[in-house]
Amino acid sequence: MDFLRKEFSAENLSFWEACEELRHGGQAQIPTLVDSVYQQFLAPGAARWVNIDSQTMERTLEGLRQPHRYVLEDAQLHIYMLMKKDSYPRFLKSDMYKGLLAEAMILPETKRRVFPFMWKPRHSSLSPALPPASASVEPVAAAGGPGGAEGEA
């Protein structure tokens with residue numbers, strides 16, 4: 001979102017998110033959400049207008065007559081494809097992405113721990129229930145076990 005704001009196209013992702021909210025939200029809010037999304041992103045002179053082609057707009061306007069949770073699906077797909085083909089490749093080439101990638105590659109041991117339970121040193125054992133390899137003790141054979149006499153190891 002920060003990258004898209006810098007590129008003056010954050011409204012595309014906001015529109016996509018609003019469509020997802022409509023799709024997965026409650027049934028009772030559908031007419032209100034559809035109207036809100038239309039007024040904010042698709043109406044002439046909308047504050048956060050998104051650019052969709054005329055055919056997609058026509059299908060969307062026809063669907064708005066009887067709003068349902070998938071009425072903006074065509075417009076959402078159109079915006080998704082715009083982001084996929086334009087915004088996302090530019091993001092992958094940006095200094096912002098390169099910085100995030102470099103930050104993600106820092107080893108966990110060098111990152112500052114935020115939660116108190118993470119302040120404890122990590123175990124070298126794969127399982128936290130097992131002691132670390134340096135503290136492991138060899139099991140002693142039981143006296144009188146199979147194949148051995150008392151006192152033999």
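Above this note sits the structure.
Residues numbered from 1 in each chain as written. Predicted model: local features only at pLDDT ≥ 70, side-chain atom pairs only at ≥ 80, totals over all residues. Heavy atoms only, no water.

Caption draft 1: Region of the structure containing the overall build of the protein. Along its length, the protein carries 6 helices and 0 strands. When burial is assessed residue by residue, the protein has 25% of its 153 residues classed as buried. Counted over contacts in the protein with a minimum sequence separation of 6, partners at least 24 positions apart contribute 54%. (Helix = DSSP H or I, 4+ residues; strand = E, 2+ residues; numbered from the N terminus. Buried < 20%, exposed > 50% of the residue type's maximum accessible area, 1.4 Å probe, protein only. Contact = heavy atoms within 4.5 Å.)

Caption draft 2: Structural detail: the nonpolar core. Phe15, Leu22, Phe41, Leu42, Val50, Ile52 and Leu72 are the most contacted members of the largest nonpolar core, which totals 21 residues. Looking at this core, the elements with two or more residues in it are helix 2 (10-24), helix 3 (30-42) and helix 5 (73-93). If one sorts the elements of this core by residue count, helix 3 sits on top with 7 residues. In this view, Leu72 contacts Cys19, Leu22, Val37, Leu42, Thr60 and Leu64; residues no more than four positions away in its chain are not counted. (Core = buried A, V, L, I, M, F, W, Y, C linked by side-chain atoms within 4.5 Å.)

Caption draft 3: Highlighting unusual backbone geometry. The backbone phi angle of Phe8 is positive, close to 60°, even though this residue is not glycine. With relative accessibility at 73%, the residue Phe8 sits in the exposed group.

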